[in-house]
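Coordinate analysis (summary)
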Amino acid sequence: MVKKLLATYIIFIVLPLTTVSAISFVLFKTNMEQQISSSMERTMTLLHREVDQYFRQFLDLSESIMLQRNLLDIIHQINLKQNVQTNGFESYQQASEINVYITFQLLNKFREIAAVNLYTKSGELFHARRSGAILDKALLKSYQEQLLESGKQWIFLLDERSGNAIYLIRRINEPFTGKYIALLTLEIHLDSLRQKIVSALLPNQHLVLLGNPDLIVYDPADIWRRAPVHHPGKDVTSLDINGPEGRTLVTFATAPASEWSVVSYMAYSSLSHYVTRISVPILIVSAICILLSIFSAGVIANRIVRPIRAIRNAMRKLAAGNFKIEIPVMGKDEVADLSRGFNQMSRQLADTINQMYVVELAQRNAELRALQAQIDPHFLYNTLDAIRMVAEMEEIG
């Protein structure tokens, strides 16, 4: 009976609770993934704005040279080689004005700017640097060709030598004709930008910063080359892909007016790791509680069944003729009432049997006495008759 009670407890209580707990865990995990996806989209949107503003400030700074009419005239004169060959002092003065401008108005504006180069159409180079080597004219000429071929006002190129800097290359035009007269390059170090990116990342989260599909500005895990993602056509969206670490949540953030894109990679196994850190203690505590509840149910069932077994054994003894059997009464529950009733029944049954035995014995004694009363007169008569006959026979003899 204990086994049946335990089986009933497990089937109707433990199993439903375990099933509900498992379903709740799956729903919790799914809901957490959705919340993380939404949170990741908001985070990547904010990070994209910071990245866009970060590079926008350098674009605005480089564009400020277009407002320097005197400086543009000097560059134009240098391209025409006017006053350069005929007047050395004036040429020196023009070069000084350019160097002062690119040093104090460009280089010293931001700590991230490591170098400024002004390369004219005629091949003259003006530069200002904080440290490092000077770019040679051949490299600047190749940058000039790339810019002119792109048809854009500016382009960004990654420093292939160090990988820690990016070049903003801007085209300088004449104010009215719009003709190309010079090339302005800003060498921008990315340390502060990378610190911002790292501070916004979660553990085991990888982030890629793209200037365009061909310009990978930041990708320390080299994950973009292993698992590239096509532009989804939205400002920010989340995708599920099979990445190098399995099922991965990819969040892509961009903007129509921005040439920068921020792509986040977060493996669901990493998310499950945090869920596991929460769920394992819960599962352990739940398993302990279930085992304790089963053990407690067994103890309680045994306490319930033990008096019932005692009543069953007492009934068997009572059926065998032992009317003096009594069950120990413990507690005040229904089983105790049943034990009291059994004890009372057995006592009453014993009393009834004793009374019936006494009545039957008395009845038998009465019948015996009645029989004796009937037998005694005949026995006396026969005895006297026998004596009479013996006397008569003696007289005759």
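Residues numbered from 1 in each chain as written. Predicted model: local features only at pLDDT ≥ 70, side-chain atom pairs only at ≥ 80, totals over all residues. Heavy atoms only, no water.

1. Overview of the sheet that holds strand S2 (residues 125-129)
Rules: Any two strands between which DSSP finds at least two bridges are classified as paired. Secondary structure elements are taken from DSSP: a helix is a run of H or I of four residues or more, a strand is a run of E of two residues or more, and numbering for both begins at the N terminus. Only the stretch in contact is used when fitting a helix axis, every axis being a line fitted to C-alpha atoms; angles between N-to-C directions are given from 0 to 180 degrees.
Spatially, S2-S1-S5-S4-S3 is the arrangement adopted by the five strands of the open sheet, whose pairing is antiparallel. Of all strands in the sheet, those bounded by a partner on one side alone are S2 and strand S3 (154-158). On average, adjacent strands in this sheet sit at an angle of 15° to one another, irrespective of strand direction. As defined by bridge partners, strand S1 (residues 113-120) adjoins strand S5 (residues 180-189) across seven bridges and the pair is classed as antiparallel.

2. Comments concerning the side chain of Asn79
Convention followed: Between buried and exposed lies partly exposed: a residue is buried under 20% and exposed over 50% of the maximum accessible area for its type, with that area taken using a 1.4 Å probe on protein chains only. Any pair of N or O atoms that falls within 3.5 Å is considered a polar contact. Within protein, one atom must be able to donate a hydrogen and the other to accept it, and sequence-neighbouring residues count only if both atoms are side-chain atoms. Note on contacts: a residue pair is in contact if any heavy atoms of the two residues lie within 4.5 Å.
Its place among the elements puts Asn79 in helix H2 (residues 69-80). You can call Asn79 buried: its relative accessible area is 18%. A distance of 2.8 Å separates a polar side-chain atom of Asn79 from the backbone oxygen of Ile181. Beyond its immediate stretch of four places on either side in the chain, Asn79 contacts Thr120, Lys121, Ser122 and Ile181.

3. Focus: the sheet that holds strand S9 (residues 246-253)
Spatially, five strands are ordered S7-S6-S10-S9-S8 in an open sheet, and the strand pairing comes out antiparallel. One side of each edge strand has no neighbouring strand; the edge strands of this open sheet are strand S7 (215-218) and strand S8 (236-243). Going from strand to strand, the sheet's axes swing by 30° on average, the running direction of each strand aside. Bridging between S9 and strand S10 (residues 261-267) involves six bridges; their strand directions are antiparallel. Across the sheet, residue Thr251 finds its bridge partner in S10, namely Ser264.

4. What about the packing of aromatic side chains?
Applicable threshold: Aromatic contacts are taken between Phe, Tyr and Trp rings whose centres are within 6.5 Å, Trp giving its six-membered ring; a plane angle under 30 degrees counts as stacked, one over 60 as edge-to-face, and the others as tilted. In this analysis the charged atom, NZ for Lys or CZ for Arg, is taken to sit over a ring once it is within 6 Å of the ring centre and within 35 degrees of the ring normal.
Applying the stated criterion across every chain, the model contains seven aromatic pairs. With 5.3 Å between their ring centres and 80° between their planes, Tyr54 and Phe58 make a pair best called edge-to-face. With Tyr54 and Phe58 both in helix H1 (residues 2-63) and four residues apart, this pair spans about one turn of that helix. Members of the aromatic cluster, joined through ring pairs, are Tyr54, Phe55, Phe58, Phe110, Phe156 and Trp260. It is Arg247 that lies over the ring of Tyr268; its NZ or CZ is 3.8 Å from the centre.

5. Quick notes on the pattern of salt bridges
Selection criterion: Think of a salt bridge as a Lys or Arg side-chain nitrogen and an Asp or Glu carboxyl oxygen that are within 4 Å of each other.
All chains considered together, the criterion is met by five salt bridges. Asp73 is the salt-bridge partner of Arg69, the closest N and O atoms lying 3.5 Å from each other. A residue pair is termed a helical-turn pair when its members lie 3 or 4 positions apart in one helix, as Arg69 and Asp73 do in helix H2 at four residues. Judged by its relative accessible area of 42%, Arg69 is partly exposed. In this structure, Arg364 engages Glu360 in a salt bridge whose closest nitrogen and oxygen atoms are separated by 2.8 Å. Pair noted here: Arg364 and Glu360 are both in helix H8 (residues 334-396), with a separation of four residues, about one helical turn. A relative accessible area of 53% places Arg364 in the exposed class.

6. What about the pairing of S10?
Counting buried residues in S10 gives seven out of seven residues, a clear majority hidden from the surface. Here S10 shows two buried faces, one formed by Ser261, Val263, Tyr265 and Ala267 and the other by Val262, Ser264 and Met266. Inspection of the sheet shows strand S6 (residues 205-212) paired to S10 by six bridges, in the antiparallel sense. Bridge assignment links Leu210 to a residue of S10, and that residue is Ser261.

7. Re the nonpolar core
The condition is simple: As used in this record, nonpolar core signifies buried Ala, Val, Leu, Ile, Met, Phe, Trp, Tyr and Cys residues forming a set joined through side-chain atoms within 4.5 Å.
Of all hydrophobic cores here, the largest spans 52 residues; its most connected members are Phe55, Ile98, Leu118, Ile166 and Leu209. Broken down by element, the residue count for this core peaks at eleven residues, all from H1. Residue contacts for Leu209: discarding those within four places in its chain leaves Val51, Phe55, Leu193, Ile197, Leu215, Ile216, Val217, Tyr218, Trp260, Ser261 and Val262. Within the second largest apolar cluster, twelve residues are counted, among which are Tyr119, Tyr143, Ile155 and Tyr180.

8. Thoughts on a nonpolar patch on the surface
Heads up, the rule is: Patches were defined on residues exceeding 30% relative accessible area and lacking a salt bridge, with like-charge contacts within 9 Å and nonpolar side-chain contacts (Val, Leu, Ile, Met, Phe, Trp, Tyr) within 5 Å. We get accessible surface area from the Shrake-Rupley algorithm with a probe of 1.4 Å; when it comes to residues, only the shown protein chains can shield them.
A cluster of nonpolar side chains, Val280, Ile284, Ile288 and Leu292, forms an exposed patch at the surface whose accessible area comes to about 350 Å². Along the chain, the position of Ile288 falls in helix H7 (residues 268-319). Here Ile288 falls in the partly exposed class, since its relative accessible area comes to 45%.

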